[in-house]
Amino acid sequence: MAVDGCGLVCKYILIIFNIIFAVVGVAFLGLGLWLRFSVNTRGIFGIDALNSSAFVIGVTVLIVLGLIMLIVVTFGDYGACNEKKCALQVFSILVFFLAVAEFVVGGLAYSNRNTVGLRLGEFYVSLYSLYVSSLDPAIGVTLTFIHNSLHCCGMTGVQLIEVVKQTCPKPDGILEHIYMSNCPTTIVNVFDSRAPLVMGIFIGTGALLITGLVCASILLQQIKKVHQNITTYYSTVY
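On a predicted model such as this, the values are computed, not experimentally measured, just so you know. (Residues numbered from 1 in each chain as written. Predicted model: local features only at pLDDT ≥ 70, side-chain atom pairs only at ≥ 80, totals over all residues. Heavy atoms only, no water.)

### Here's the deal with the side chain of T167
What counts, and what does not: By the criteria applied, helices consist of DSSP H or I runs no shorter than four residues and strands consist of E runs no shorter than two, each listed in order from the N terminus. To sort residues, take the accessible area from a 1.4 Å probe on protein chains only and compare it with the maximum for the residue type: under 20% means buried, over 50% means exposed, and anything in between is partly exposed. By the criterion applied in these results, polar contacts are pairs of N or O atoms within 3.5 Å in which, for protein atoms, one can donate a hydrogen and the other can accept it, and in which residues neighboring in sequence qualify only through two side-chain atoms.
Structurally, the position occupied by T167 is in the loop between α5 (137-150) and α6 (183-193). Using a relative accessible area of 3% as the deciding quantity, one classes T167 as buried. A distance of 3.0 Å separates polar atoms of two side chains, one belonging to T167 and the other to H147.

Here it is as structure tokens:
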């Protein structure tokens, strides 16, 4: 059984969509599992007082989101490649809920941008503290990426006394050799100023998911049409 026309185009769009989704899902799941079971970080999850910390919540979200994305990909790829209606129907339902979640989270992140910014700042403080206590090179790479992306330096911003100054970006001017913006404050300010952009990213991702949902629906209709044609043919012949 094979579809043609729009159904064939949608089939390949879904396959490409699911490949990208799988790569992102594996990245999220891998990072989350590494942070959860790494020698330098797994002890945090055994401390009851830290079970609600931004770090623990962030790692849990990465693992759960990665698993959900891989489950969606499994149904999507199996349904698209083998033209299975049941798998595509499950895929459509999961994608619909993910799209709704993207729109809701985007709206909540924008309306609560101050709180979200503070939580992200807390997450940075957790990473900073872990690096200071363990000097884990992987966490050091993460801090370097954050520092260079936001052009900030540690908790203090004063490179002379900053314990993670080796992860800080190069100063732009003479004054920055003495003082550079500290990261917790910068994170809060950046998230507050770029909240519309963050909301746009969530809405754009939701729109892409809706596109995948539309393609899955078109492919389902094409598969149903092919089934009907085959049934009609055999009914006529026999």
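### A look at the state of the cysteines
By definition, a disulfide is the covalent link that joins the sulfur atoms of two cysteine residues. Rule in force here: Cysteine sulfur atoms are paired as a disulfide whenever they fall within 2.5 Å.
Taken as a whole, this structure holds two disulfides when the rule is applied. Sulfur-sulfur distance for the disulfide between C152 and C183 comes to 2.1 Å. One disulfide, between C152 and C183, carries an S-S torsion of 95° and so falls in the right-handed class. In this pair, C152 sits in the loop between α5 and α6 while C183 sits in helix α6, placing the two residues 31 residues apart along the sequence. C215 provides the cysteine sulfur closest to C10, a residue in no disulfide bond, and the two sulfurs are 3.7 Å apart. Look at C10 and you get buried, because its relative accessible area is 5%. Note on C215: relative accessible area 6%, which makes it buried.

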